[in-house]
Amino acid sequence: MTAKSAAAAARSTVYGYPRQGPNRELKKAIEGYWKGRSGADALRATAADLRAANWRRLADVGIDEVPTGDFSYYDHVLDTTVMVGAIPERHRAAVDADALDGYFAMARGTQDVAPLEMTKWFDTNYHYLVPELGPDTVFTADSAKQVAELGEALALGLTARPVLVGPVTYLLLAKPAPGVAADFDPLTLLDRLLPVYAEVLADLRAAGAEWAQLDEPALVQDRTPAELNAAARAYRGLGALTDRPKLLVASYFDRLGDALPVLAKAPVEGLALDFTESAAANLDALAAVGGLPGKRLVAGVVNGRNIWVNDLEKSLSTLGTLLGLADRVDVSASCSLLHVPLDTAAERDIEPQILRWLAFARQKTTEIVTLAKGLAQGTGAITAQLAANRADLAARAASPITHDPAVRARTAAVTDADARRSQPYGERAGAQRAHLRLPLLPTTTIGSFPQTVELRTARADLRTGRIDEAAYEDRIRTEIGEVIAFQEKTGIDVLVHGEPERNDMVQYFAEQLTGYLATRHGWVQSYGTRYVRPPILAGDISRPDPMTVRWTTYAQSLTSRPVKGMLTGPVTMLAWSFVRDDQPLGDTARQVALALRDEVDDLEAAGTSVIQVDEPALRETLPLRAADHPTYLAWATEAFRLSTGGVRPDTQIHTHMCYAEFGDIVQAIDDLDADVISLEAARSHMQVARELAAHGYPREAGPGVYDIHSPRVPSTEEAAELLRTGLKAIPAERLWVNPDCGLKTRGWPETRASLEHLAAAARTVRGELSAS
């Protein structure tokens with residue numbers, strides 16, 4: 001096919017779409033089912049309605065081929081675990097008794113059975129459920145979900161393409177099951193898994209699928225020759241099948257590197273590649289391997305992870321270059337649109353001119369359709385769209401929001417000394433022990449306490465004018481008083497005020513910093529039914545006024561025990577926002593760090609002796625390629641130290657991280673120079689404690705003993721046993737006792753019981769240490 005005919009054949013598609021519905025109908029339906037307010041049939045009906053509405057919207061805007069199978073009640077990797085029959089033995093009875101309840105038991109656990117481990121989906125803030133596999137794992141095909149959802153789309157008269165997590169990525173994301181040797185490699189199960197994929201693909205073909213997409217994002221990471229050989233073997237085998245749809249293998253989030261020639265040579269009919277800025281190297285690499293003659297290329301030229309409007313002319317230039325490299329070039333986003341909000345039209349509080357700079361999922365589909373039209377028919381067919389796009393890009397570049405000379409001057413004046421504490425940790429530790437006088441195995445929590453119905457109602461009433469600011473603040477004072485009293489009664493050593501005034505750990509600060517935009521309806525799925533509204537980092541950052549001092553100081557006035565000041569760190573402020581794409585991330589991080597430094601200094605001046613600067617996204621934001629790690633870690637750790645470097649030696653700086661793989665960033669954790677770090681560890685059975693010990697981490701650490709992402713209440717003995725495991729890696733004088741994460745999403749009954757057990761476990765193990 002010539003470049004001209006390839007252009008004429010250009011079509012539009014997406015890999016996935018937000019699941020929640022315009023008013024988070026899915027969240028409400030699932031949580032209603034969990035609470036017994038509605039039944040399984042009602043939940044399934046809501047889900048079916050949302051899927052149909054999504055497909056119709058995609059078709060109405062002009063998307064030629066809609067995805068199926070990307071919809072999920074909780075997580076698409078968990079859906080894959082069900083599809084291949086890799087149900088952990090501890091969940092088998094629940095799944096056999098009721099498939100839906102068993103599915104949620106794997107996701108959330110029950111009082112008697114722990115859930116699957118949860119961690120971040122590559123370098124995004126989406127969480128997936130980690131498959132548990134071992135040498136005895138038996139895979140069995142269950143294509144019911146995929147076949148049913150394909151049938152729903154076809155019944156609407158749409159061209160549909162099922163989307164599956166690919167077999168190589170699925171195994172590379174998996175971990176050894178409990179009781180299986182830690183060095184077991186799930187990829188050794190590939191030959192056992194491929195026949196199951198073959199059966200699913202055959203079922204999809206029989207159900208009417210012309211194409212099926214197999215997502216292999218794990219191949220954009222550094223891969224060993226053995227792993228690349230496994231990918232080659234997998235797609236030789238699947239490509240050789242006669243009873244299957246055409247195969248489109250998709251990668252995203254970064255460049256493919258050494259995996260590109262492997263997939264280009266594979267006997268599959270198409271590849272989907274990311275061509276946005278982070279993966280721009282795919283363009284030259286594709287040319288270097290001779291393109292994809294005779295194959296379909298789906299070009300991800302619209303950024304599926306950020307919310308800025310596309311530069312249409314730049315994307316058309318990329319697409320024009322690609323025309324000579326494949327038999328057919330189609331247009332798409334760089335990844336599933338799961339990672340962006342649904343529609344800018346719902347945002348009434350953002351100035352209309354600024355709103356034109358933004359593209360959420362629905363706007364991105366319009367961009368994709370426009371680009372496909374321009375590629376197929378020429379730029380003359382989209383003259384008006386190109387002119388409007390040029391004007392929007394120019395308006396953003398010239399806006400005073402994006403450039404604050406005072407902020408830039410302060411950032412330029414930063415020195416290396418600004419990002420260093422005045423004394424090394426060894427000297428600081430003694431000063432802090434003398435000042436704080438904490439017991440062995442001190443207990444604390446991560447920061448937030450349950451956001452009660454009364455609290456959410458008060459916030460909504462304030463927003464709608466049903467109560468005034470004074471009444472709202474009375475509610476906040478009451479909540480803080482109750483949280484402080486509970487912690488004192490329970491025996492917690494370092495208290496928190498519970499954060500009742502905060503809507504979200506990033507949004508709360510973003511709303512008080514210049515340069516940020518907040519959305520009203522910009523919900524994005526983080527995990528399960530947990531949705532967040534990432535703020536938009538649009539311009540230069542500064543802090544006009546103190547943000548947390550008032551309520552922290554009030555809480556401290558209620559107790560003689562230390563109350564932690566609670567802040568969100570600079571890297572997490574970036575990672576959980578939609579960041580500006582017109583300057584390096586390190587420059588933006590430094591601006592945020594300086595704003596937070598002002599807050600840290602004000603907290604200390606107000607008498608706060610313990611200040612926690614959370615960085616749960618430090619590992620999440622780590623680039624997917626090792627060659628890119630040093631640059632990122634240099635500015636990321638500097639930003640944290642810049643936030644905290646100005647305090648006295650006897651002020652104790654904490655940080656917190658959760659739900660990520662920490663082993664490959666332990667040196668960076670060390671480089672933060674925090675006095676205490678708390679980390680997720682309950683689901684991973686203290687793995688992070690062992691990693692810290694192997695590194696020789698010299699500071700204090702609190703590997704979590706209470707998994708807050710499950711409704712189950714750990715017993716005192718369970719928490720104590722985790723503590724004993726932690727003590728095998730971390731000396732008692734440096735070990736803290738805390739939950740995995742904040743308690744905002746939990747209810748008071750489970751929180752109260754779990755923290756009582758946590759404090760009792762600390763007392764038990766203290767007694768054992770004293771007696772030994």
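Summary of the structure given here. (Residues numbered from 1 in each chain as written. Predicted model: local features only at pLDDT ≥ 70, side-chain atom pairs only at ≥ 80, totals over all residues. Heavy atoms only, no water.)

**Concerning the overall build of the chain**
When its secondary structure is counted, the chain shows 29 helices and 20 strands. Its C-alpha atoms give the chain a radius of gyration of 26 Å, near enough to 28 Å, the size a compact globule of 772 residues would have. Dimensions along the principal axes, computed over C-alpha positions, put the chain at roughly 75 × 60 × 50 Å. Summarising the internal contacts of the chain: among those between residues at least 6 apart in sequence, 79% fall at separations of at least 24. Carbon together with sulfur atoms contributes 52% to the accessible area of the chain, which is approximately 27600 Å² in total. When the 81 basic and 101 acidic side-chain charges of the chain are each reduced to a single mean position, those positions are 2 Å apart. (Helix = DSSP H or I, 4+ residues; strand = E, 2+ residues; numbered from the N terminus. Rg over C-alpha atoms; globule rule 2.2 N^0.38 Å. Contact = heavy atoms within 4.5 Å. Areas by Shrake-Rupley, 256 points an atom, 1.4 Å probe, with all protein chains shown as cover. Lys, Arg positive; Asp, Glu negative; His and termini not counted. Charge placed at Lys NZ, Arg CZ, Asp CG, Glu CD.)

**Some words on the sheet that holds strand 1 (residues 66-68)**
Read across the sheet, seven strands follow the order 1-5-7-8-9-10-11 without closing on themselves; strand pairing throughout is parallel. In the strand order of this sheet, the two ends are held by strand 1 and strand 11 (326-333), each with one partner. With strand direction ignored, the average angle separating the axes of adjacent strands in the sheet is 25 degrees. By the bridge criterion, five bridges tie strand 9 (residues 270-274) to strand 10 (residues 292-302) in an arrangement that is parallel. What sits directly across from L271, in strand 10, is L297. Lying on the sheet, helix 13 (residues 312-322) is in contact with strand 10 and strand 11; it crosses strand 10 at an angle near 170 degrees. (Pairing = 2+ DSSP bridges. Axes fitted to C-alpha atoms, helices over the stretch in contact; angles between N-to-C directions.)

**Brief notes about the environment of V196**
By the element assignment, V196 lies in helix 9 (residues 190-206). A residue is classified by how much of its surface remains accessible, and V196, at 6% relative accessible area, is buried. Between the alpha carbons of V196 and R433 there is a distance of 58 Å; along the sequence they are 237 residues apart. For V196, the residues in contact, after removing those within four places along its chain, are M83, V84, F139, T140 and A141. (Buried < 20%, exposed > 50% of the residue type's maximum accessible area, 1.4 Å probe, protein only.)

**Quick look at helix 15 (residues 361-377)**
Counted at 1.5 Å a residue, the expected span for helix 15 with its 17 residues is 24 Å, and the 24 Å between its end C-alpha atoms agrees. Among the residues making up helix 15, those that are buried are A361, K364, T365, E367, I368, V369, T370, L371, A372, G374 and L375. Once helix 15 finishes, G378 follows within two positions and takes phi at roughly 95 degrees, a positive value. (Expected span 1.5 Å × (residues − 1).)

**A closer look at the pattern of salt bridges**
Enumeration over the complete set of coordinates arrives at 57 salt bridges. R51 is the partner of E149 in a salt bridge, and the nearest nitrogen-oxygen pair spans 3.7 Å. Here E149, found in helix 7 (residues 144-155), pairs with R51, found in helix 3 (residues 40-61); they are 98 residues apart in sequence, far enough to count as distant. Given the relative accessible area of 4%, E149 is considered buried. In this structure, the salt-bridge partner of R550 is E473, at a minimum N-O distance of 2.5 Å. (Salt bridge = Lys/Arg side-chain N within 4 Å of Asp/Glu carboxyl O.)

**Here we look at the packing of helix 4 (residues 76-83) against helix 6 (residues 99-108)**
One can describe the packing of helix 4 onto helix 6 by two numbers: an axis separation of 11 Å at closest approach and a directional angle of 125 degrees. On the basis of their axis angle, the class for helix 4 and helix 6 is oblique. For the element pair helix 4 and helix 6, the recorded crossing hand is right-handed. Facing L78, D79 and V82 of helix 4, the residues of helix 6 in contact are Y103, M106 and A107. (Parallel < 35°, antiparallel > 145°, perpendicular 65-115°, else oblique. Left-handed = near helix turned anticlockwise from the far one by under 90°.)

**Quick notes on the sheet that holds strand 18 (residues 652-657)**
Pairing is parallel across the open sheet formed by five strands, whose spatial order is 16-17-18-19-20. Both edges of this open sheet fall to strand 16 (564-568) and strand 20 (700-703), since each of them pairs with a single strand only. The mean angle between the axes of side-by-side strands here comes to 20 degrees, regardless of whether they run parallel or antiparallel. In terms of strand pairing, strand 16 meets strand 17 (residues 610-614) through five bridges, oriented parallel. Looking at the pairing, K564 lines up with V610 of strand 17.

**Notes on helix 28 (residues 716-727)**
A rise of 1.5 Å per residue sets the reference length of helix 28, with its 12 residues, at 16 Å; its end C-alpha atoms lie 16 Å apart and thus fit the reference within 8%. When helix 28 is considered as a whole, its buried residues turn out to be A719, A720, L722, L723 and G726. Within helix 28, the buried residues cover an arc of 160 degrees as seen down the axis, which keeps them to one side. On the buried face of helix 28, the contacting elements are helix 27 (687-695) and helix 29 (748-771). (Arc of directions from axis to C-beta.)

**Re unusual backbone geometry**
The backbone of F253 sits at a positive phi, close to 85 degrees, despite the residue not being glycine. Its location among the elements puts F253 in the loop between strand 8 (246-250) and helix 11 (259-265). Looking at F253, the relative accessible area reads 3%, which means it is buried. Look at L441: it is not a glycine, yet its phi comes out positive at around 50 degrees. Residue L441 is classed as buried on the basis of its relative accessible area, which comes to 0%.

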